[in-house]
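Fold and geometry: a report
The chain contents come next:
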Amino acid sequence: MELSDLYSEKILDLAGNALQPGRLDQPDASARKVSRVCGSVIEVDLVVKDGVIVDYGHDISACALGQTSAAVVAREVVGTPVAEFLALRQTMHDMLKAEGAPPGGRWEDLKYLEPVRDYPARHMSTLLVFDAVAAALEKVESAQSVAASG
């Protein structure tokens with residue numbers, strides 16, 4: 001398979017018509033991730049209430065693969081319990097790195113990224129949004145732990 005074959009019509013459609021949520025004014029936490037391989041950058045903002053992601057924003061400069069992942073996350077993440085998102089992140093890592101099955105349900109559009117498995121240099125940009133959200137969730141959890149013990 002040629003690298004250009006990775007960029008299917010569906011991936012180009014998802015990336016090209018992606019919701020651009022922008023940044024949040026008062027997030028509970030933010031995180032920035034950069035792919036050293038391709039230079040893709042994403043900054044995410046989250047608001048979490050009672051273990052559920054209730055608001056999300058991002059600013060992204062990425063290839064079509066990173067944009068596709070971020071588009072699906074931006075579309076589906078609000079209302080997602082933290083544990084479900086972290087499981088989704090693991091599913092995506094497993095899909096690309098361990099021949100795992102793609103996500104289903106409302107995350108089903110991520111299956112179009114399954115061919116990225118054969119291109120390890122593209123894994124980081126595809127997973128960037130998941131790693132950034134997970135990093136922001138760690139900051140939220142850390143801040144909540146400090147607040148609870150204070």
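Report on the accompanying structure. Everything numeric in this text was worked out from a predicted model, so none of it was measured.

**Re helix α3 (residues 82–97)**
- Between its first and last C-alpha, α3 extends 22 Å over 16 residues, near the 22 Å set by a 1.5 Å rise per residue.
- Those residues of α3 not exposed but buried are V82, F85, L88, M92, H93, M95 and L96. Looking straight down α3, one finds that the buried residues subtend no more than 160° of arc, so they occupy a single side. Exposed residues pointing more than 90 degrees away from the buried face of α3 are listed as A83 and K97.
- On its buried side, α3 packs onto β2 (41–49), β3 (52–61), α2 (64–76) and α4 (123–149).
- Among the residues trailing α3, E99 stands out with phi positive, at a value near 55°.

**Topic: the packing of aromatic side chains**
- For the structure shown, the criterion picks out two aromatic pairs.
- For the pair F85 and W107, a centre-to-centre distance of 6.4 Å together with 75° between the ring planes defines the contact as edge-to-face. In this pair, F85 is assigned in helix α3 and W107 in the loop between α3 and α4, connecting sequence segments 22 residues apart. Like W107, F85 is buried.
- Aromatic pair F85 and F130: ring centres 6.0 Å apart, planes at 25°, arrangement stacked. Placement of the pair is F85 in helix α3 and F130 in helix α4, with a sequence separation of 45 residues. Take F85 and F130: they sit in the same class, and that class is buried.

Conventions used here
- Residues numbered from 1 in each chain as written.
- Predicted model: local features only at pLDDT ≥ 70, side-chain atom pairs only at ≥ 80, totals over all residues.
- Heavy atoms only, no water.
- Helix = DSSP H or I, 4+ residues; strand = E, 2+ residues; numbered from the N terminus.
- Expected span 1.5 Å × (residues − 1).
- Buried < 20%, exposed > 50% of the residue type's maximum accessible area, 1.4 Å probe, protein only.
- Arc of directions from axis to C-beta.
- Contact = heavy atoms within 4.5 Å.
- Phe/Tyr/Trp six-rings, centres within 6.5 Å; stacked < 30°, edge-to-face > 60°.

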